[in-house]
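Topology and contacts: notes
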Amino acid sequence: MTIPESGCYMDNDTSCLPCTPEEEKRVVDELTKDAESNLKEGNLYYVLSNGWYMDWLRYTGQDTGDNMFDRPFVGPLSQNGNIFETPIRPGQIDNSHLVLDGSDADGIDLDMHKTLEERRDYVLVPQEVWKKFHDWYKGGPALPRKLISQGVAHKTYIVEVYPLTLKLTDSRDGKKLIIRMSKKESVRALYDKVCSLLDLDPGKVKIWDYFNERKHKLLSVSDEGLEEACLQIDQDILLEVQSEGFHSSSFGMDSTGNELALVAIDPASTSISIAGGPAVSNSNYYSSGCGYNLNKGNGLSLPLATADDGNDMFSSVKKCGGGGLAGLQNLGNTCFMNSSLQCLFHTPPLVEYFLQDYTEEINKQNPLGLHGELAIAFGDLLRKIWSSGRAPIAPRVFKGKLARFAPQFSGYNQHDSQELLAFLLDGLHEDLNRVKNKPYIEAKDANGRPDWKVANECWENHKARNDSVIVDVCQGQYKSTLVCPSCSKISVTFDPFMYLSLPLPSTVTRSMTITVLYGDGSALPMPFTVSVLKHGCVKDLMQALSDGPDGCCLKSDERLLLAEVHEHQIFRYLDNPYEQLSTIKDEDRIVAYRVPKVPEELTMLEIIFRSKKKCMSDISSGADSKPLGTPLVSCFADGLLTGADIQPLVHKMLVPLLRTTSASPSKQVQSNKSATSGDAMELDEALNGDSSSFHLWLTNERGTVSHPIDSEQVFEQGKTVRVLLEWSDRERELYDVSYIEKLPEVYKATGFIAKKNKHEAISLFSCLEAFLKEEPLGPDDMWYCPACKEHRQATKKLDLWRLPEILVFHLKRFSYSRYLKNKLDTFVNFPIRNLDLSKYVRSKDDPLSHFYELYAISNHYGGLGGGHYSAYAKLEGDKWYHFDDSHVSSVNEDEIKTSAAYVLFYRRVEVEREK
């Protein structure tokens, strides 16, 4: 691909006149797109200061996601007070803060790299983009990094920003040396580099895995990758030279470690870290040879059970007791992993399964798994946890296997414990799937068949392709109902689930004042103030207005039509019941029209008011007239609307506003109320003489054009007819327009600032009900309606159908958007025993119990900027323990219910059913 050099000219190869901002943006966009379409291992990317890059984005007019009021502007004010921003061209590139003092380009500030990810202190750009930036702006230093591939089942590309840093200890004199290499290089390359640096004879050198300064295993000279050899960031390795002799030592115990962890700010969205996103730091994942045997001829084999590693059978563990109390060492921001692992390691059916011989169920052929390696690493770690010892264990081998299956967990950034749980259960399932050859099964439509029959068919089809201990224990089934908003087509499917992600419904309310108007002219406008959930939707507001304790007592044959009024005109109708109430501001003015509830579409009549000065006989020009009052809306239910019907309808709608000539100001309200009686029409006719007294014009939705009304004109059913009514002085004498002139705001703040409401406690049941309630699909998740042949924003309703033995609830405390990141610390009151889900299960033929008891919790403490994960788990005898990385301590049952609860693990219990 060739990028034209227009706008940039070299002067003696030493300077470059700048391109325009638009040209720079175009060139960089095209080069980036070209690099992303040609990803391959070994491609070069360059580390670039994030601060400089943000300046360049602003200079080229691109969105940086920051708040315009949080950064300085240069430029004059426009006539309306807006600021004209003058784009400032960035200075030279300055990457100096990314490099350790006295180090080369490989030495990006490793002392800070664990927080650089969170602070977004750098971005990555393709090599060709870096060249352009350097041509245009100069500066440096250049920090090239290679693109490497990660993973087996789910291969992705990442830029290796931080080389693998190893701390070499020379056993001859105790001196230490820092070795930096790519994690993709081999053990042979490590030997070559050490020998070259120290001028040693390769034949006399031995290098040991010296994790926690204990000999673990001798690194044999081979093409095995460093990551496959279980070497991780900042790990110790030991150099021995032949003249000293070699003395192999047994595996030592790992030291413990705990450190503050940082919560990942954004979920991973792409398979490669490009400019604008965080790069992955040192990763550590392992292949064969770490903790168990991989025999290509005979398949996978589990380690032999020994008293030291705790690989006893389940019966032995139960007989001896005392197991399950070992902690897991924090390898560097791995508390999220330790928390989820401890919950699974204390899941009774999984403990029983992995403490027995499961080699026959390992699926070595499944391309979606890790050919059994992940399952064996998990089982090996579980067996060590359930040995009688309580010394903490370093889960290095398991972490390496997990990273090979899900590469996003390589490195030492903080992640989400629930996200890890989801990937881990999926990986274990694929490694243990009893189905070696998955059959193709074509999905069938329900076609009116009974739910139970369709559900059983879907479950059997699922089991025909997915059959493992994870499916047996952890998977349930829910019913999903989609309804097309256009044709009302209903689609019912039954899908499996491994966990339920429950939203935390907000308990914070807001007060909203809405003016209700009567479309049939039966009463005066009336403001109603209702209380609704702050994060609710229009449907909640409609319900509060219709039949709430402070509502308007809507009749069964009526409905409300909500609209926003701005500058005396209807700005928009709030006709989407699922629109968030956050779109309605406190200073807005909202009205609700009471109209008939009928199945067919009705023709709507919308009246827009304008004032007119004396001697004005023609409003068509719009001269000397201005908007007035609030539009009135009525629905015509008697066939087709004609021009002749408009005058009588307008008169009827204005009846509540009629004055009486004898009414004094003090009696005005009473006069208006009495005008709604049966004698009001007679008074209206006496005052107006004939029915053509109003000056009415057909207009558009903004009232900017006007046309005479032809009494013979017939209007199309279901459409909105807009009429412009001019108020002359005579009409003002007859009608009191004050009732429609000043609308109250949605919320008027008082003179004092109220204290912010704290989140109140909510129950687990309210979270479940929020998960199961009907809601529309998002605009990016449209459903293809087979009847309409179009993508529609259908409504979706979930129902529980089949519950698993182990039921996992994920409380959605974290929310992410482009500009907002938030964590909810709401206390969720969840039952420890006797969780009864019977009323939520729609299958009436399920013979299994729907009662559950809690046995484990994954906790998250702190906020988005920094936090920590731990776990509670129950052992036999109903004793609860707190697993905080390496530290394990007993805890009382009444202490486990906290606002830190993030993932809840329940186990089915049998109860005696009523006959």
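These figures come from a predicted structure and were not determined experimentally. (Residues numbered from 1 in each chain as written. Predicted model: local features only at pLDDT ≥ 70, side-chain atom pairs only at ≥ 80, totals over all residues. Heavy atoms only, no water.)

1. Some thoughts on the pairing of strand β26 (residues 696–699)
With burial as the criterion, each face of β26 is covered, one bearing L696 and L698 and the other bearing W697 and T699. Relative to strand β28 (residues 720–727), β26 runs antiparallel, the two sharing three bridges. Note that in β28 the partner of L698 across the bridge is V723. Relative to strand β27 (residues 706–707), β26 is paired through two bridges, and the arrangement is antiparallel. Note on β27: the bridge partner recorded for T699 is S706. Hairpin connection between β26 and β27: a loop of six residues separates the two successive antiparallel strands, and G703 in this loop has a positive phi of roughly 70°. (Buried < 20%, exposed > 50% of the residue type's maximum accessible area, 1.4 Å probe, protein only. Helix = DSSP H or I, 4+ residues; strand = E, 2+ residues; numbered from the N terminus. Pairing = 2+ DSSP bridges.)

2. Thoughts on the sheet that holds strand β13 (residues 235–241)
The strands making up a sheet associate through backbone hydrogen bonding, with each pair oriented either parallel or antiparallel. If you trace the five strands from one edge of the open sheet to the other, you get β10-β9-β13-β11-β12, paired in mixed fashion. Among the strands making up the open sheet, the edge pair consists of β10 (176–181) and β12 (217–219). Neighbour-to-neighbour, the strand axes of this sheet turn through a mean angle of 35°, independent of strand direction. Pairing between strand β9 (residues 164–170) and β13: five bridges, direction parallel. Bridge assignment links D170 to a residue of β13, and that residue is L239. The sheet strands contacting helix α5 (residues 187–198) are β9, β10, β11 (205–209), β12 and β13, and the helix crosses β10 at an angle near 135°. (Axes fitted to C-alpha atoms, helices over the stretch in contact; angles between N-to-C directions. Contact = heavy atoms within 4.5 Å.)

3. Re the packing of aromatic side chains
For any pair of aromatic rings, the description rests on two quantities: the centre-to-centre distance and the angle between the ring planes. Inspection of every chain in the model, using the stated rule, returns 25 aromatic pairs. Residues F354 and Y358 carry aromatic rings whose centres are separated by 5.0 Å and whose planes lie at 75° to one another, so their mutual orientation is edge-to-face. Through a chain of ring-to-ring contacts, three or more aromatic side chains come together here, namely W52, Y53, W56, F133, W136 and Y137. For the cation-ring pair, R396 lies above F211, with the distance from its terminal atom to the ring centre recorded as 4.2 Å. Positioned above the aromatic ring of F830, the side-chain terminus of K897 is 5.8 Å from the ring centre. (Phe/Tyr/Trp six-rings, centres within 6.5 Å; stacked < 30°, edge-to-face > 60°. Lys NZ or Arg CZ within 6 Å of the ring centre and 35° of its normal.)

4. Description of the environment of D575
For D575, the location among the structural elements is in the loop between β22 (569–573) and β23 (589–596). Owing to a relative accessible area of 63%, D575 belongs among the exposed residues under this scheme. Sequence separation of D575 and K539 is 36 residues, and the distance between their C-alpha atoms is 9.4 Å.

5. Considerations on the sheet that holds strand β16 (residues 476–483)
Judged by pairing direction, the sheet is antiparallel, and its four strands sit side by side in the order β17-β16-β33-β30 without closing on themselves. The open sheet has two edge strands, β17 (490–497) and β30 (775–776), and neither has a second partner. In terms of strand pairing, β16 meets β17 through eight bridges, oriented antiparallel. Looking at the pairing, L482 lines up with S491 of β17. Taken strand by strand, helix α12 (residues 451–465) contacts β16, β17 and β33 (795–802), and its axis lies near 40° from that of β17.

6. Let's talk about the pattern of salt bridges
Here the structure, examined in full by the defined rule, presents 38 salt bridges. Note that E240 and K215 form a salt bridge whose closest N and O atoms lie 2.6 Å from each other. Note that E240 is positioned in strand β13 and K215 in the loop between β11 and β12, a separation of 25 residues in sequence. Each member of the pair E240 and K215 is classed as buried. Among the salt bridges present, the one from E606 reaches R722, with a minimum N-O distance of 3.5 Å. Placement of E606 in strand β24 (residues 603–612) and of R722 in strand β28 is noted, with a sequence separation of 116 residues between them. Each member of the pair, E606 as well as R722, carries the same accessibility label: buried. Several salt bridges share partner residues, and in doing so they unite E361, R434, K463, D467 and D472 into one network. (Salt bridge = Lys/Arg side-chain N within 4 Å of Asp/Glu carboxyl O.)

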